[in-house]
2 protein chains.
Amino acid sequence: MRTSKYLLSTLKETPASAEVISHQFMLRAGLVRNVASGLYTWLPTGLRVLKKVENIVREEMERAGAIETLMPMVQPADLWQESGRWDDYGPELLRLNDRHERPFVLGPTHEEVITKLISNEVASYKQLPLNVFQIQTKFRDEIRPRFGVMRGREFLMKDAYSFHTSDDCLKDTYQVMYDAYCRIFERLGLDYRPVIADTGSIGGDASHEFHVLADSGEDDIAFSDGSDFAANVEKAEALAPAGERPAPSQSIEKVSTPNVKSIADVATFLNVDTNQTVKTLLVVGESAEGETAPVVALVLRGDHELNEIKAEKLAGVASPLEMASEEQIKAAVGCGAGSIGPVELTVPVIVDRSAAHLADFVCGANQDDFHFTGVNWDRDASNYQVEDIRNVVEGDPSPCGSGNIIIKRGIEVGHIFQLGKKYADAMNCGVLMESGKHETLTMGCYGIGVSRIVAAAIEQNHDKYGIKWPEAIAPFNVAIVPMNMHKSARVQETAESIYQRFLDAGVEVLFDDRKERPGVMFNDHELIGTPYIVIVGERNLDAQQVELKNRRTGEKTLVDIDKILDIIK
Amino acid sequence: MRTSKYLLSTLKETPASAEVISHQFMLRAGLVRNVASGLYTWLPTGLRVLKKVENIVREEMERAGAIETLMPMVQPADLWQESGRWDDYGPELLRLNDRHERPFVLGPTHEEVITKLISNEVASYKQLPLNVFQIQTKFRDEIRPRFGVMRGREFLMKDAYSFHTSDDCLKDTYQVMYDAYCRIFERLGLDYRPVIADTGSIGGDASHEFHVLADSGEDDIAFSDGSDFAANVEKAEALAPAGERPAPSQSIEKVSTPNVKSIADVATFLNVDTNQTVKTLLVVGESAEGETAPVVALVLRGDHELNEIKAEKLAGVASPLEMASEEQIKAAVGCGAGSIGPVELTVPVIVDRSAAHLADFVCGANQDDFHFTGVNWDRDASNYQVEDIRNVVEGDPSPCGSGNIIIKRGIEVGHIFQLGKKYADAMNCGVLMESGKHETLTMGCYGIGVSRIVAAAIEQNHDKYGIKWPEAIAPFNVAIVPMNMHKSARVQETAESIYQRFLDAGVEVLFDDRKERPGVMFNDHELIGTPYIVIVGERNLDAQQVELKNRRTGEKTLVDIDKILDIIK
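Chain A goes by Proline--tRNA ligase in an unreviewed UniProt entry, where it is assigned to Thalassotalea agarivorans. The annotation that UniProt attaches to chain A under Catalytic activity (unreviewed entry) is "tRNA(Pro) + L-proline + ATP = L-prolyl-tRNA(Pro) + AMP + diphosphate".

Pasting the structure below:
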């Protein structure tokens, strides 16, 4: 491809609208353009990357025995009413009417369409299992689309759905998909991790997310340094500290702590570590309709953070989690939020496992400007329930039983799930078994965010000059940058002849034939991130050489012109 | 691919809902399934065909120098307001609101998005010409979707848009696209014709449709038997008959024709050819707002059909064309619709060129149950205007000046168009010229109905047993049908070994490993239309042979097993 016949569309300046690195580079390198909030046009360079990702995903899905279909983006509402999601799905589901005022949705996923299809097409257990996938444009009406294609509204997704007559069969296919996903992310050249995800009501290892590791990731992933355990921090269990709780060695004492409210301030003021203090949060409890909601106290070690997902799953706690208001706190405890503590508290108390393991700790005295020191459970504060309600932190023992937790940030690019019978039940999807009985099917579903992978790859692979594509998904294998070609017939001839040799050999090459200064051209190709850049300059031609730059390593070498094709290949 | 791991989904019965052959076979052969009116899921077999069509289109677009992008399906209304199509486009444009009540459309085409993009990205004439394409899912809210994917609502289309600083440059690219389209349809293996289409306000040969010829086509195409002229019948000019109009030889006479109304009845009753009669149709004329619409008489030879598109373009005739009501006819002429004629008619009269060439003709007498014979223009009927208002018929002289018209039916699968400045003007899309002047660009647009081609290919290539795919777009190259494999280890081993050899050689093969009767399997593969069917049967194995059936010719030959791969390849 010659740049003169191409829509290169690189930008020198970083658009102010772009918050994250990948979005900045996707705009600057001419990969995408914004059409409206969360809606993008893929420019030629971006589409080349997107298609490479798509093809790797397709090849591995086919290798894993999945068969490809293509379902419509516009779906009739009645399917969603049948599954129950018409009511359950929030405003991210874009609903619309056709010219006859019949209701439709723009599909964010296709469980309904595929379950109805299989229900119509498959009659016998003999036709199963089946694993059906598509690579298709989806729409999710995000309230605040952001980060470019990372959280857009229209996006390209691979979604697969498998159908089984037994849980064992589902588990087999789930493992096949798990392995296929690992191969996909390996082939893409990305540093990724399968991560245990929320298993919901099914239990077991029934769901994994696949994350691309990147400092800018939205999710915290907890790894074990002693095994291959990895889980979303929100979902990783915080174990109770090992051993017995130490015996009390101090007596409880009320101390004046004027205007000392945050845990950091209390620890400094009383000269103790924050891990020797506890913090007590009041949240809204569950209530019957029409009743005033009670409040519930959640007690954590001073250096720990509340895990809202764990807390809101507990009986007695309202879901979604809601912090008590100042008035509710005043009414229940009689002091401000910074002075609450578990001693003689009259509301229900839930204590995190680590906080419950403390002896001789510091806490609020339920009186403004006072704290207790030397507090001990049972002796000074009783009537409490111990639960896991905190986020794991680095150094925690891994819940897998081996090693300790380290935390890295990740971008979710895939999710596989043992779905069970939710849709098959609702939509009456079953088959005749060998026994003659009609049985409802069990399902798995398997998603990959194809367009999101492009952004995630950039978050993981860039420097300050631009993108450093993994070779498998680079828009071009190599760029040819001739220096001042329009002033040197020799440079032009050499560049053209190398270009022709690359084309003949099937190398994907971008030939920069613009009349631009070398600096402008270099900057563009560093930005676009082509893995290899061949620089054709007058001063190396006497020796029949060109310069070859490796974009990832930055290494530059002089190469004989007649060897360049072999080296690139 | 083994049928046991595949979603074959063939049907024995023709679904009652399917009106046309292609829709019937697409359902029966398991190519598509209906999800809602005009919305289809492409099953694996159908998608394989669709992808092959898509790939041929993509390759030829790239070869022709077009660059691929991907624009969003959901488009913001403001772009459509800017182009003017928000008001001009009828209810086929599906409009919707997002969660913030901002208006959007589902894109039926992408002129607005691409024109805005080029307007933002291209600043200088040096970056032009550019030809940008995408292969993308479109939506058109047809009032009555029918014929399966032939006239669906959501469909796959290749749309390309070219941008130029001069008409000459546009014409060059138009010719490149014309040639690329010819290559595409040749590679697809279809009998097709480029056809002159309505040139609108631009003039010249500025638009061509590409039609796949098939008896079931919706469009009539007029060809010359003496040149390569071809035009949509609606758009082909009907020339005036050669020579002078014959002189009158009869005198006008009023004859009683009780209850004789249709042209056929009149001709029979008076014992003349229908081409010696004229029919007079009253249509609604143009009127200023608030005024009562006048009526206008259109006079055609009895054996000719009115061309509504030609008629409604005439000054004085309302557009869209509307026939006068019984009351309007009664009021204007005083008789029923079957007795009108041009003699002493008091409304404006427009006479077709061929009707105007008649002498001594028969027409209605503007009195129920009476006709005139021996009528002659000017002598008996004056104050008329002569225009081309009829469809051409076979045998007409070709408007190209060479040969006569023959008519075939076609399915429109492509359309190329010299669009001019309509969108570039409206959306301020221009560049800086070498002269330093800012100039508005001129555009071409080029569409191919990718999903429609699949249906059109079937309309052209089938017999009563099923589809006869051209090899380039067949879902599989070859099917292996083992006879009673489950009763013969020898048949099974041979079939498996041929299957493995095909797979290793990259042949796309469907191996029918179902426990079905041979007849069921044959019928399915004839229906699906795989070009070659290898039949492995016990009785030929002693001679180390299998039977090879050519689906298109029906020819069956015995082939040595060790030669089968070479023959297929």
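Mapping chain A onto chain B leaves a residual RMSD of 0.4 Å; the transformation is a rotation of 179 degrees accompanied by 0.2 Å of translation along its axis. The operation mapping one copy onto its partner corresponds to a two-fold rotation axis. Minimal C-alpha distance to the rotation axis in chain A is attained by A:Leu96, lying at 2.8 Å.

Moving on, we come to the interface of chain A and chain B. On the side of chain B, 52 residues touch chain A, which itself brings 52 residues to the contact. A per-residue breakdown of the area chain A buries against chain B is headed by A:Leu7, A:Leu70 and A:Arg99, which together make up 15% of the total. Counting across the chain A and chain B interface gives 4 salt bridges. Of the charged contacts in the structure, one is a salt bridge between B:Arg153 and A:Asp98, with a shortest N-O distance of 2.8 Å. There are 16 residue pairs in polar contact (both at pLDDT 80 or more) connecting chain A and chain B. Ranked by the residues each element gives to the side of chain A that touches chain B, the list is headed by helix H2 (residues 44-63) of chain A, at 6 residues. Class assignment of the residues belonging to the side of chain A that touches chain B gives a composition of 32 nonpolar, 5 polar and 15 charged.

Attention now moves to the domain arrangement of chain A. Annotation of chain A at the domain level lists domain 1 (17-210 + 410-459), domain 2 (253-387) and domain 3 (478-568). Taking only C-alpha atoms, the centre of domain 1 of chain A and the centre of domain 2 of chain A are 42 Å apart.

Our focus in this paragraph is the pairing of strand S6 (residues 103-106) of chain B. Residues and elements named next belong to chain B. Examined bridge by bridge, strand S4 (residues 74-76) and S6 share 3 bridges and lie antiparallel to one another. Its bridge partner lying in S6, Gln-75 is registered against Val-105. Bridge count for strand S5 (residues 95-97) against S6 is 3 bridges, and the pairing is antiparallel. The partner of Leu-96 across the bridge, within S6, is Phe-104. Once S5 ends, the chain turns through 5 residues before running back antiparallel as S6, passing Glu-101 with a positive phi of about 65 degrees.

All chains considered together, the criterion is met by 82 salt bridges over all chains. Between A:Lys563 and A:Asp560 there is a salt bridge, with its nearest N and O atoms 3.4 Å apart. Ionic pairing is found between B:Arg151 and B:Glu218, a salt bridge with its closest N-O pair at 3.0 Å. Taken together, the positions of B:Arg151 in the loop between strand S7 (130-139) and strand S8 (154-164) and B:Glu218 in the loop between strand S10 (207-213) and strand S11 (219-224) put the pair 67 residues apart, joining distant regions of the chain. When its relative accessible area of 24% is taken as the criterion, B:Arg151 is described as partly exposed. Using a relative accessible area of 35% as the deciding quantity, one classes B:Glu218 as partly exposed.

Here is what the cut-offs are and how they apply
- Counting restarts for each chain: residues are numbered from 1 in the order of the written sequence.
- Chains and ligands are labelled by the order in which they are written, letters from A for the one and numbers from 1 for the other.
- Restriction of local features to residues with pLDDT of at least 70 applies here, the model being predicted, together with a cutoff of 80 or more for giving and counting side-chain atom pairs; totals for whole chains, interfaces and linings are based on all residues.
- Side-chain measures were taken over the full set of non-hydrogen atoms in the model, leaving aside hydrogen atoms and water.
- UniProt positions are given in the numbering used here, feature names are shortened, and annotations may be inferred rather than shown by experiment.
- For the least-squares superposition of copies, only C-alpha atoms count, and only for residues with pLDDT at least 70 in both.
- For this analysis, residues touch if any pair of their heavy atoms sits within 4.5 Å.
- Two parts lose some accessible area (1.4 Å probe) when they are put together, and adding that loss for both gives the buried area.
- A pairing counts as a salt bridge when a side-chain nitrogen of Lys or Arg comes within 4 Å of a carboxyl oxygen of Asp or Glu.
- Here a polar contact is taken to be a pair of N or O atoms separated by no more than 3.5 Å, where protein atoms must pair a possible hydrogen donor with a possible acceptor and residues adjacent in sequence count only if both atoms sit in side chains.
- Each helix corresponds to a stretch of at least 4 residues labelled H or I by DSSP, and each strand to a stretch of at least 2 residues labelled E; elements are numbered beginning at the N terminus.
- Polar here means any residue outside two lists: the nonpolar Ala, Val, Leu, Ile, Met, Phe, Trp, Tyr, Cys and Pro, and the charged Asp, Glu, Lys and Arg; Gly therefore counts as polar.
- The start and end points of each domain follow an automatic or database-based domain assignment.
- Strand pairing is defined by DSSP finding a minimum of two bridges between the two strands.
- Accessibility here uses a 1.4 Å probe with only protein chains present; expressed as a share of the type maximum, an area under 20% marks a residue as buried, one over 50% as exposed, and anything in between as partly exposed.

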